[in-house]
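# Observations on the model geometry
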Amino acid sequence: MRVLGIESSCDETGVALYDSERGLLSHALFSQVAMHADYGGVVPELASRDHVRKLLPLCEEVLSRAELDLSSVDAIAYTAGPGLIGALMVGGSFAHALAFALDVPVLGVHHMEGHLLAPMLEPQPPEFPFVALLVSGGHTQLVKVDGIGRYTLLGESVDDAAGEAFDKAAKMLELGYPGGPQVAALAEQGVPGRFVFPRPMTDRPGLAFSFSGLKTFTLNTVNAAKADGSWSDQTRADIALAFETAVVETLAIKCRRALQETGCRRLVVAGGVSANRHLRKVLSEQMGKVQGEVFYARPEFCTDNGAMIAYAGCQRLQAGQRDGDRIWAVPRWPMAELPPLDALCEDGLREPSN
Amino acid sequence: MKLLALDTTAEGCSVALNLDGQIIEQFENAPRMHTRRIMPMIRELLRQSALKPADLDALAFGRGPGSFTGLRIAAGIVQGLAYGLGKPVLPVSSLAATALVAREQNPGPVAVAFDARMAEVYWGTFRVEEGRVQPLEEERVCPPDRLSLPTIGGDERWLGAGAGWLLCDEMPKSVCDAVTERLLEAIPTAGAIALLAQQAWLEGAAIDAAQAQPVYLRDEVAWQKMPGR
């Protein structure tokens, strides 16, 4: 089955063509990051306007790179949520109409399931079961994964997502948007140990995260440095490093705990923050010590992309799951509510038929 | 020719077929329900006329102004259909479609006003004659007190159309005085869009699917940029 995947849930328009026999055939992405950087964050209306401009040209690009035409598309998958509702509606409307015109099935898939399954596109994909750390600008979750659609939420952030904390720290450190890569780059110049930040919620049992206290700690540190005259490029780098280290180690501690509690030996790390090199290094070392394995998507598939949507959609479409005529756009959608692969879904994944 | 038109620019959701000038239309009042209703309505209309999607020659849509989300649903649907079928698109102004709805049996000049929120109106002036809608000025968005009417023949009477006329207390007195007859309930319909699209088709105005874009009119919303950008 050859599936065209469409992603438009936030500030990136992604399209890809995935073939169940031959793997990923091609993919294309248009990132709006530069546009939103002028505003210090995503402006939903501008994001929606850009999706409606870019979606169709990206489809043409993907097909032309694969040297195929529309008649070779067997099904269409699009991101139905979670995400910005206006942005989701653009991809959903386009996907449904295109599927109707081509007389092929269409399915609205879950954005975070896409991220979760993105490492399946790599040469050595993880086997089930595994523990997944989903870590992005909108999510910080630990999930036990027994198969597609068989998810148990182990813990999540009670306030800010890790990526969101990076964005906010970036602003305090006078860096641009998105903050993650910029804080990480600045942290490389930092001196370890000059500042020590807390590791929130690691001194008690459980798998919940909290990053808002770290944000406040960062702000206080920045303000103190400005007040005592020690604010400099080096201080900024030192704070960036202390902040990044605190986030990375907090995530690593919770991952270790989640693996212990579930008895899993495989860890999958997905979402935008999973591209962070410091995080990858710490997790790889940690998993090496316990003879476990850690899996990531390639860096370009850590952030939003069409390939993960095409892949996730393909698994479910092959199992016969599909939308009815309703275009789904679901801003909030807990991943644990997703139906398993053997559920009968003829009107989308939100409302299984049985 | 066989043309499918749709409109989701306002609270209504409508689809229409123009089959060599004969209009078959379905309209539902569906606020916030466009994503649920639009595909079933398209499917049903084609079924009733025993048409397959591939039988269509072109697609038309209400390109705005109107609800930003609604405009993008219509544009997304039409792009998907046109791209999938390899057929061209005819974008139609929702203000012009409203002018036709208001003046269908009664030719003359029309001033169409939609409430654009944020204390502004979307505004367009047209002359409707023999089922044709001729724009008199460029469409715009502005506060009601900045509206004006173009000059027309002395014995002609303006007709006001659209819910924007609810704001007539805030319009200049000269505008209100010139427009004594008003059809506040006039809204764009897919049927009117299908008629206007047929004319545009005959005039060679069809475009490629990727060019089928909304016209928001409001492009300068006060999104706060970072200092120095």
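Cut-off values and rules
Residues numbered from 1 in each chain as written. Chains lettered and ligands numbered in written order. Predicted model: local features only at pLDDT ≥ 70, side-chain atom pairs only at ≥ 80, totals over all residues. Heavy atoms only, no water. Helix = DSSP H or I, 4+ residues; strand = E, 2+ residues; numbered from the N terminus. Rg over C-alpha atoms; globule rule 2.2 N^0.38 Å. Buried < 20%, exposed > 50% of the residue type's maximum accessible area, 1.4 Å probe, protein only. Contact = heavy atoms within 4.5 Å. Areas by Shrake-Rupley, 256 points an atom, 1.4 Å probe, with all protein chains shown as cover. Lys, Arg positive; Asp, Glu negative; His and termini not counted. Charge placed at Lys NZ, Arg CZ, Asp CG, Glu CD. Buried area = accessible area lost by both parts, 1.4 Å probe. Salt bridge = Lys/Arg side-chain N within 4 Å of Asp/Glu carboxyl O. Polar contact = N/O pair within 3.5 Å; in protein donor to acceptor, adjacent residues only side chain to side chain. Pairing = 2+ DSSP bridges. Axes fitted to C-alpha atoms, helices over the stretch in contact; angles between N-to-C directions. Core = buried A, V, L, I, M, F, W, Y, C linked by side-chain atoms within 4.5 Å. Expected span 1.5 Å × (residues − 1). Arc of directions from axis to C-beta.

Here the focus is the overall build of chain A. When its secondary structure is counted, chain A shows 10 helices and 10 strands. Compactness check: chain A gives a C-alpha radius of gyration of 20 Å against a globular reference of 20 Å for 354 residues, within 12% of the reference. Expressed as lengths along the three principal axes of its C-alpha atoms, the size of chain A is roughly 65 × 45 × 35 Å. Looking at chain A as a whole, 60% of its 354 residues are labelled buried. Once local pairs closer than 6 in sequence are excluded, the contacts in chain A between residues at least 24 apart make up 70%. Of the roughly 13200 Å² that chain A leaves accessible, carbon and sulfur atoms contribute 50%. Averaging the coordinates of the 31 positive side-chain charges in chain A and doing the same for the 43 negative ones gives two points 6 Å apart.

Secondary structure assignment for chain B yields 5 helices and 11 strands. For chain B, the C-alpha atoms occupy an extent of roughly 55 × 50 × 30 Å along the three principal directions. Long-range contacts, defined here as pairs at least 24 residues apart, represent 64% of the contacts in chain B between residues at least 6 apart. Taking the average place of the 22 positive charges on the side chains of chain B and the average place of its 28 negative ones, the gap between the two points comes to 7 Å.

This part is about the interface of chain B and chain A. At the junction of the two partners, chain B supplies 34 residues and chain A supplies 29 residues. Overall, the association of chain B and chain A removes approximately 3100 Å² of surface from exposure, summing both partners, and the carbon and sulfur fraction of that is 66%. Connecting chain B to chain A are 3 salt bridges. The closest approach of N and O atoms between A:Glu45 and B:Arg72, which form a salt bridge, is 2.9 Å. Joining chain B to chain A, the criterion identifies 7 residue pairs in polar contact (both at pLDDT 80 or more). Broken down by element, the side of chain B that touches chain A gets its largest block of residues, 13 residues, from helix α2 (residues 68-85) of chain B.

Turning our eyes to something else, we now look at the sheet that holds strand β2 (residues 12-19) of chain A. Residues and elements named next belong to chain A. Judged by pairing direction, the sheet is mixed, and its 5 strands sit side by side in the order β3-β2-β1-β4-β5 without closing on themselves. What marks the edges here is a single partner per strand, and that holds for β3 (23-31) and β5 (106-110). For this sheet, the mean inter-axis angle between neighbouring strands, taken without regard to orientation, is 20°. Summarising the sheet, strand β4 (residues 75-81) and β5 pair through 5 bridges and their orientation is parallel. Bridging across to β5, Ala77 finds its partner in Leu107. On the sheet, helix α2 (residues 44-65) packs against β1 (2-7), β2 and β3 and is oriented at approximately 30° with respect to β2. Sheet strands touched by helix α10 (residues 306-318): β1, β2, β3, β4 and β5. Its angle to β1, the strand with the most contacts, is close to 130°.

A few words on the environment of B:Pro214. Relative to the helices and strands, B:Pro214 resides in the segment after α5 (190-202). Spatially, the C-alpha atom of B:Pro214 lies 6.3 Å from that of B:Ala75, the residues being 139 residues apart in sequence. Dropping the residues within four chain positions of it, B:Pro214 is found in contact with A:Val52, B:Arg63, B:Leu71, B:Arg72 and B:Ala75.

Attention now goes to the sheet that holds strand β3 (residues 22-29) of chain B. Residues and elements named next belong to chain B. Pairing within the open sheet is mixed, and its 5 strands lie in the order β3-β2-β1-β4-β5. On the outer flanks of this sheet lie β3 and β5 (89-93), each paired with one strand and no other. Recorded for the sheet is a direction-independent mean angle of 20° between the axes of neighbouring strands. Note: strand β1 (residues 2-7) against strand β2 (residues 12-19), 6 bridges, orientation antiparallel. Across the sheet, residue Asp7 finds its bridge partner in β2, namely Ser14. Of the strands in this sheet, β1, β2, β3, β4 (58-64) and β5 are in contact with α5, which crosses β1 at around 135°.

All names here are of chain A. In this fold, Ser210 is placed in the loop between α6 (179-187) and α7 (212-227). Here Ser210 falls in the buried class, since its relative accessible area comes to 12%. There is a polar contact of 2.6 Å between the side chain of Ser210 and the side chain of Asp159. Residue contacts for Ser210: discarding those within four places in its chain leaves Ser157, Val158, Asp159, Pro200 and Met201.

Negative phi is the rule for most residues except glycine; trans is the rule for most peptide bonds. The peptide bond linking A:Gly81 to A:Pro82 adopts the cis configuration, its omega dihedral lying at -10°. Omega for the peptide link from A:Tyr177 to A:Pro178 comes to -10°, which places this bond in the cis form. With respect to the helices, strands and loops of the structure, A:Pro178 is situated in the loop between α5 (162-172) and α6. Look at B:Asp20: it is not a glycine, yet its phi comes out positive at around 50°. Among the structural elements, B:Asp20 can be located in the loop between β2 and β3. One non-glycine residue, B:Ala50, lies in the positive phi region at around 55°. Looking at the element boundaries, B:Ala50 is found in the loop between α1 (34-48) and β4.

Our next topic: the nonpolar core. Counting residues in each nonpolar core, the largest one holds 140 residues, and the members touching the most others are A:Ile76, B:Ile42 and B:Ile77. Those residues in contact with B:Ile42 that sit more than four places away from it in its chain are A:Phe100, B:Leu4, B:Leu6, B:Val15, B:Ile77 and B:Leu81. Counting residues in hydrophobic clusters, the runner-up holds 45 residues, among them A:Ala165, A:Leu214, A:Val248 and A:Leu267.

A few words on the environment of A:Pro331. Residues and elements named next belong to chain A. Examined against the element boundaries, Pro331 turns out to sit in the segment after α10. Once the C-alpha coordinates of Pro331 and Glu61 are considered, the two residues, 270 residues apart in sequence, prove to be 28 Å apart. Pro331 has contacts with Pro82, Gly83, Ile85 and Leu88, leaving out every residue within four places of it along the chain.

Here we take up α1(B). In an α-helix there are 3.6 residues to a turn, and that puts residues three or four apart on one side. Its 15 residues place the ends of α1(B) 21 Å apart at the C-alpha level, agreeing with the 21 Å of an ideal helix rising 1.5 Å per residue. Within the span of α1(B), buried status applies to B:His34, B:Thr35, B:Ile38, B:Met39, B:Met41, B:Ile42, B:Leu45 and B:Leu46. Each buried residue of α1(B) lies within a common arc of 160° when the element is viewed along its axis, so the set occupies one face. Elements in contact with the buried residues of α1(B): α3 (85-102) of chain A together with β1, β2, β3 and α2 of chain B. Two residues or fewer after α1(B) comes B:Ala50, characterised by a positive phi angle close to 55°.

Limitation: the analysis is restricted to geometry and does not speak to function.
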